[in-house]
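# Chains, contacts and geometry: an overview
Now for the letters of each chain:
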Amino acid sequence: MPAAISSRSDLDRVRAPLATANGLPNAHYVDETTYEEEKQAVLFANWSGLATASDVPNSGDAIPLEFAGMPLLLIRDKSGDVRVFQNTCRHRGMILVSEPRNIEGAIRCPYHSWCYSTKGALVSTPHVGGPGQNTHDAIVREDLGLVEIKSHIWMDIVWINISGTAPDFDTVHADLLARWQEFDQPLFHGGAESIITLPLKANWKLAVENYCESYHLPWVSYD
Ligand code: FES
């Protein structure tokens, strides 16, 4: 039987003064329903880090990514701007890009060949009105572009707001930006050599919490 979803009183204990506060209830680490609620309220409703802009250095570079179960496409468009789209076709939801590559022309759906520009516009719908008929009155291309995710780049990190309802990044993080102003310098990114990947079979908060405390460092070895 799944653990119970945290109650209001559980979170009151978390918000108590530091000396008497408790950690999050177990449900926040093991319960699927709690995870789904938290995903919407924390990860999707706010700004979350997705990747770095340097992951797509050239125009047309595209990388499929998954964020909390949602398939996304990180791409540098033909004007040089970094964008994030849902990596699903507006026709029948096919995954559009399944491995990192450079898009030379358009993003072509492998299922029925609808094509999208690197800025997300639907530009081609072959045979959609029957053989040789590439248009149909019911297919309004202007309404069927890729679904773009609100994004913002800071310190080369691509931040995304899935819900699209968060205030601007600069507004939400004004205090942080002021505090880190002196670090806002040009960054070096060495491509693949600059990346480490740490696959974790754990709730994401365990990794964050571990990173936030150094109490364990004298005793825990990483070899
Ligand atoms: S699912 Fe993409 S063109 Fe049909």
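First, a word on scope: everything that follows refers to the structure included in this document. (Residues numbered from 1 in each chain as written. Predicted model: local features only at pLDDT ≥ 70, side-chain atom pairs only at ≥ 80, totals over all residues. Heavy atoms only, no water.)

### Examining the sheet that holds strand S6 (residues 107-108)
With respect to topology, 3 strands assemble into an open sheet ordered S6-S7-S8, the strand pairing being antiparallel. Strands with a single pairing partner mark the edges of an open sheet, and in this sheet they are S6 and strand S8 (122-124). The pairing of S6 with strand S7 (residues 115-116) spans 2 bridges and is antiparallel. Bridging across to S7, Ile107 finds its partner in Tyr116. (Pairing = 2+ DSSP bridges. Helix = DSSP H or I, 4+ residues; strand = E, 2+ residues; numbered from the N terminus.)

### Remarks on the packing of aromatic side chains
For the coordinates displayed, the defined rule picks out 8 aromatic pairs. Relative to Phe169, the ring of Trp47 has its centre 5.8 Å away and its plane inclined at 80°; by these criteria the two rings are edge-to-face. Of this pair, Trp47 sits in the loop between helix H3 (32-44) and strand S1 (48-52) while Phe169 sits in helix H4 (residues 169-172); the two residues are 122 residues apart in sequence, bridging distant segments of the chain. Residue Trp47 shares its accessibility class with Phe169, and that shared class is buried. Each ring, one from Trp159 and one from Phe169, has its centre 5.3 Å from the other, and the planes form 40°; the classification is tilted. Separated by 10 residues along the polypeptide, Trp159 in strand S10 (residues 157-161) and Phe169 in helix H4 bring together distant segments of the chain. (Phe/Tyr/Trp six-rings, centres within 6.5 Å; stacked < 30°, edge-to-face > 60°. Buried < 20%, exposed > 50% of the residue type's maximum accessible area, 1.4 Å probe, protein only.)

### Some thoughts on the pattern of salt bridges
Applying the stated criterion across every chain yields a total of 5 salt bridges. When the shortest N-O distance is used, the salt bridge between Lys205 and Glu38 registers 2.7 Å. Of the two residues, Lys205 sits in helix H6 (residues 204-212) while Glu38 sits in helix H3, which places them 167 residues apart along the sequence. Here Lys205 matches Glu38 in class, with each residue buried. Ionic pairing is found between Glu148 and Arg83, a salt bridge with its closest N-O pair at 3.1 Å. Taken together, the positions of Glu148 in strand S9 (residues 148-154) and Arg83 in strand S4 (residues 82-86) put the pair 65 residues apart, joining distant regions of the chain. Each of Asp77, Arg83, Lys119 and Glu148 takes part in a single network of salt bridges with overlapping partners. (Salt bridge = Lys/Arg side-chain N within 4 Å of Asp/Glu carboxyl O.)

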